[in-house]
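Commentary on secondary and tertiary structure
Here is what each chain is made of, one letter per residue.
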Amino acid sequence: MKLQICFLVIFLVVNSAQSDPIPSNSTTNSSDGTTTISPQTTTPSPKLATGCELSKSSQHEKQLLTKINQLKDKNFQFEDNEHKYFFSICSKAQNANQTNEALVQMNKKTNKTFVLGRLDDVDLESATNLIRISYNNGDNYANACNKNERNAVIYLICDRNKVNPEFRLIEENNNRDNECAYIFELLTPEVCDLNTITTTLSPQQTTVTTSTEKISSGDKKSNKLGVVPVILIVLFSLMGVYFIVGTLYMRFVKRASGWEQIPNFGFWSAIGDGSADLCNFLCRCGNRHTEIHTYENINDRLSDDENLLNM
């Protein structure tokens, strides 16, 4: 009986040893007496972005990325009744957990945070005095937007009157099936220095940089009229109204006809006569009197001839 119990114990020990798996990092003895160590397999953690990484690689977007990198590590905040928003241009935002979180939303009551956009998926566009940054790959919605990812769009707008930059939320588009986004705008004078027009003139890489603001101000100056043209336009307009209304009044109320229909005809006639006399004096230089004297001499001669005939 004891012998059977011993065989049973040995059998159970052998089965348990065969059923145990060999650990990943264990030593095994080969038949030739050498010892081998099996390597332990590990999966490397993904590298998180620390700056804006473009989802596209066009030359235009690369130039814009170089410009906005001048504003890197700038932090901005906005607060409404329910949430706080933390944003940083091409760098980790405040209150963010990971280095690739560029825009974070925090609930005031629960202090729970959601990532609205990450640095590893960025799109850039530009217009006059404006740069548009799209941050993608945010946290998924729980119920809205078909449970897709959150995205954020920030418009960097030039405003030289802003001493302190103003960052604010415009709206949240979460009524779509996909591509939902938070829309923000950032008014700052720092963007104005980034927006320049670069035109290539020759293959020798000759460029001319012109400020868009100077061009617009020049157009405004050229469209303005001077003081003298404005005064002349007003005077001619008043004269036209005076003659039209005065003529109608003289014709239908005073029953005037001919030249008398002109309002204040005597005044204008006197001005015309005076102008004619002045022109005659200046242009003829007094020759009119000499001619009259000559005519008088002819009349005197005719009277003398008549006296001779009577005799």
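Here the structure is a predicted model, which is why all the values come from computation and not from measurement. (Residues numbered from 1 in each chain as written. Predicted model: local features only at pLDDT ≥ 70, side-chain atom pairs only at ≥ 80, totals over all residues. Heavy atoms only, no water.)

1. What about the UniProt feature "transmembrane region" (unreviewed entry) in the chain?
The UniProt entry lists residues 225–245 under the feature "transmembrane region" (unreviewed entry), expressed in the numbering used here. The annotated region residues 225–245 carries 90% helix and 0% strand content, and the separation between its end C-alpha atoms amounts to 29 Å. (UniProt positions renumbered as here; feature names shortened; annotations may be inferred. Helix = DSSP H or I, 4+ residues; strand = E, 2+ residues; numbered from the N terminus.)

2. Focus on the packing of aromatic side chains
As enumerated under the stated definition, the model contains 12 aromatic pairs in all. Seen from their ring centres, Phe-76 and Phe-87 are 6.2 Å apart, and the 25° between their planes marks the pair as stacked. Residue Phe-76 is found in strand E3 (residues 75–79), and its partner Phe-87 is found in strand E4 (residues 83–88); the two are separated by 11 residues along the sequence. On the basis of relative accessible area, Phe-87 is assigned to the buried category, the value being 1%. Residues Phe-243 and Trp-268 carry aromatic rings whose centres are separated by 5.6 Å and whose planes lie at 40° to one another, so their mutual orientation is tilted. Note that Phe-243 is positioned in helix H4 (residues 227–252) and Trp-268 in helix H5 (residues 265–284), a separation of 25 residues in sequence. Clustering of aromatic rings is evident, with ring pairs tying together Phe-76, Phe-78, Tyr-85, Phe-87, Tyr-135, Phe-167, Tyr-182 and Phe-184. Its end group placed over the ring of Phe-114, Arg-150 keeps NZ or CZ at 4.4 Å from the ring centre. The residue whose ring lies beneath Arg-150 is Tyr-141, and the NZ or CZ to ring-centre distance is 4.4 Å. (Phe/Tyr/Trp six-rings, centres within 6.5 Å; stacked < 30°, edge-to-face > 60°. Buried < 20%, exposed > 50% of the residue type's maximum accessible area, 1.4 Å probe, protein only. Lys NZ or Arg CZ within 6 Å of the ring centre and 35° of its normal.)

3. Concerning the nonpolar core
Counting residues in hydrophobic clusters, the biggest one holds 31 residues, and the most contacted among them are Tyr-135, Ile-154 and Leu-156. The contacts of Leu-156, once residues within four sequence positions are left out, are Ile-68, Ile-89, Asn-129, Leu-130, Ile-131, Ile-133, Leu-186 and Val-191. Among the nonpolar cores identified, the runner-up in size contains five residues, and Phe-86, Ala-93, Ala-96 and Val-104 belong to it. (Core = buried A, V, L, I, M, F, W, Y, C linked by side-chain atoms within 4.5 Å. Contact = heavy atoms within 4.5 Å.)

4. Considerations on the state of the cysteines
Taken as a whole and assessed by the stated rule, the structure comprises three disulfides. The disulfide partner of Cys-52 is Cys-90, and the gap between their sulfur atoms is 2.0 Å. Because the torsion about its S-S bond is -105°, the bridge between Cys-52 and Cys-90 counts as left-handed. Separated by 38 residues along the polypeptide, Cys-52 in the loop between strand E2 (35–37) and helix H2 (59–68) and Cys-90 in the loop between E4 and strand E5 (101–107) bring together distant segments of the chain. Residue classification places Cys-52 among the buried residues on the basis of a relative accessible area of 11%. (Disulfide = S-S within 2.5 Å.)

5. Topic: the pairing of strand E11 (residues 181–188)
The side chains of a regular strand alternate between both faces of the sheet. The buried count for E11 comes to eight of eight residues, which makes it a mostly enclosed element. Of the two faces of E11, the one lined by Ala-181, Ile-183, Glu-185 and Leu-187 and the one lined by Tyr-182, Phe-184, Leu-186 and Thr-188 are each fully buried. Of the pairings in the sheet, the one linking strand E9 (residues 152–158) to E11 comprises seven bridges and is parallel in character. Bridging from a neighbouring strand, Leu-156 pairs with Leu-186 of E11. Pairing of strand E10 (residues 166–173) with E11, which is carried by seven bridges, proceeds in the antiparallel orientation. Bridge assignment links Asn-173 to a residue of E11, and that residue is Ala-181. (Pairing = 2+ DSSP bridges.)

6. Points about the sheet that holds strand E8 (residues 130–135)
One open sheet holds the five strands; their spatial order is E7-E8-E9-E11-E10, and the pairing between them is mixed. For this open sheet the edge positions go to strand E7 (122–127) and E10, each flanked by a neighbour on one side alone. Going from strand to strand, the sheet's axes swing by 20° on average, the running direction of each strand aside. Alignment of E7 against E8, held across six bridges, turns out to be antiparallel. When the sheet's bridge partners are listed, Glu-125 is paired in E8 with Arg-132. Each of E7, E8 and E9 touches H2; the most contacted strand, E7, lies at about 90° to it. (Axes fitted to C-alpha atoms, helices over the stretch in contact; angles between N-to-C directions.)

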